[in-house]
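So the chains spell out like this:
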Amino acid sequence: MIETKFVKIKGINVAYREMGVGEILLFIHGMGSSLVFDEIIEPLSKYLKVIVIDLPGFGKSEKPDLDYNIDFYVNILFEFCKEINLEKINVAGLSLGGMIAIEFAYRYPQSVNNLLVLSSSGLNPIAKMLNNRIFYLVFSFVMKYIIFSNKWLTKRFQIGSYFNHKKINPIVFRKFFEYIKYPESKKAWLSALKNVFNVSEEFVNHVREIRVNTIIIWGKNDKTIPLIIGDKFSKLITNSKMFVIDECGHPITVEQPSKVIEIIINELVLKKVGQPPD
């Protein structure tokens, strides 16, 4: 088991794990925790120094009552890199984490070698209805007191994001419930959801201005953020290469970890698509 470490960022205890040596690959999770990277940390650590962070409000990090938005998370990421002396990194973000990674690469291109965009949010208004106050209040009540208060309902909520949830280790669903059942976790989850899944013209313009080498990886069968959104990112980012994984839904590092590992090693280590890792 990889040791969980903590660092104080802006007065918040932020949890992270690291393994391996060499070039840095920092992973940023989505609306869950760094546990979504558990299957890929060790294999990738044979080639790279892999770091996974639990964003404030998620996982083992503290969950203060804050407005969890993209600006906040990008600032946290910048301070985190300074605190543990990361000067130049490869940054990879899944879902919400993809949006954070993109914005980080836009603001601090000098700090990024490669940007990896995994099933990223930011270009599809899946939470537009949350801007309606009445809908948000009803939605919040249902999620806090019904869905996320029941293990079975929480699993039912999750399985729609997979291509074939029957192949997913049940511990994945159990661990998510163990984290989300607490009031502070529910509140943080809802805050992040409301703030990060709306499309803004500013973010779209930032995506267009990305110049660092970008690797886009998407699940062909993603229903949460469909493949067409990945195509949009690919068209907007000039220096990008896109990979599509068959029989894969939204949490690509959970559902098809070996495919993700192969792509990352080929692109960041071997530099030649199609040459499999040892």
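Worth saying up front: this structure is predicted, and the values here are computed from it rather than measured.

Right, let's talk about the packing of aromatic side chains for a bit. Tallied over the full model, the rule gives 17 aromatic pairs. Ring plane angle 15° and centroid distance 5.9 Å describe the contact between Tyr68 and Tyr73, whose orientation is recorded as stacked. Its relative accessible area of 1% is what places Tyr68 among the buried residues. One aromatic cluster is present, formed by Phe58, Phe148, Phe157, Phe176, Tyr179 and Trp189 through successive ring pairs.

Bringing the pairing of strand E6 (residues 112–118) into the picture now. For a regular strand, side chains alternate in direction, first toward one face of the sheet and then toward the other. Burial runs high along E6: 6 of the 7 residues are buried. Bridge count between strand E5 (residues 89–94) and E6: 6 bridges; the pairing is parallel. Pairing of Ile89 across the sheet is with Val112, part of E6. For the handedness criterion, the β-α-β arrangement of E5, helix H3 (residues 96–107) and E6 is classed as right-handed.

Ile229, Gly230, Phe233 and Leu236 are the residues of helix H9 (residues 227–236) that are buried. Viewed along the axis of H9, the buried residues span an arc of 125°, placing them on a single side of the element. Residues Ile228 and Lys235 are exposed on H9 and point more than 90 degrees away from its buried face. Buried residues along H9 sit in contact with H3, helix H8 (201–208), strand E7 (213–219) and strand E8 (240–245).

Below, the discussion takes up the confidence of the model for the chain. Residue-level pLDDT values for the chain average 93, and 95% of them are 70 or greater. Contacts of residues 272–278 to residues separated by more than four positions or lying in other chains number 16 contacts, the stretch itself having pLDDT below 50.

What follows is about unusual backbone geometry. A positive phi is found at Ser119, a non-glycine position, where the angle reads about 45°. Judged by its relative accessible area of 0%, Ser119 is buried. In this structure, Glu247 takes a positive phi of about 50° despite not being glycine. Tracing the chain through its elements places Glu247 in the loop between E8 and helix H10 (252–255).

Pairs can form between side chains of opposite charge once their charged atoms are near each other. One pass over the structure, following the stated rule, counts 11 salt bridges. Between Arg107 and Asp71 there is a salt bridge whose closest N-O contact spans 2.3 Å. In this pair, Arg107 sits in helix H3 while Asp71 sits in helix H2 (residues 70–83), placing the two residues 36 residues apart along the sequence. Using a relative accessible area of 29% as the deciding quantity, one classes Arg107 as partly exposed. Shared partners join several salt bridges into a network, and the residues in it are Lys5, Glu18 and Lys49.

A few words on the sheet that holds E6. Strand order in this open sheet of 8 strands is E1-E2-E4-E3-E5-E6-E7-E8, and the pairing throughout is mixed. The sheet terminates laterally at strand E1 (5–9) and E8, the two strands that pair on one side only. When strand polarity is set aside, the average angle formed by the axes of neighbouring strands in this sheet is 25°. Pairing of E7 with E8 involves 6 bridges; the strand directions are parallel. Opposite Ile215, over in E8, you have Lys241 as the bridge partner. Running over the sheet, H3 touches strand E3 (24–28), E5 and E6 and is turned about 145° from E5.

Basis of the calculations
Residues numbered from 1 in each chain as written. Predicted model: local features only at pLDDT ≥ 70, side-chain atom pairs only at ≥ 80, totals over all residues. Heavy atoms only, no water. Phe/Tyr/Trp six-rings, centres within 6.5 Å; stacked < 30°, edge-to-face > 60°. Buried < 20%, exposed > 50% of the residue type's maximum accessible area, 1.4 Å probe, protein only. Helix = DSSP H or I, 4+ residues; strand = E, 2+ residues; numbered from the N terminus. Pairing = 2+ DSSP bridges. Right-handed = clockwise from strand over helix to strand, strands pointing away. Arc of directions from axis to C-beta. Contact = heavy atoms within 4.5 Å. pLDDT = per-residue confidence, 0-100. Salt bridge = Lys/Arg side-chain N within 4 Å of Asp/Glu carboxyl O. Axes fitted to C-alpha atoms, helices over the stretch in contact; angles between N-to-C directions.

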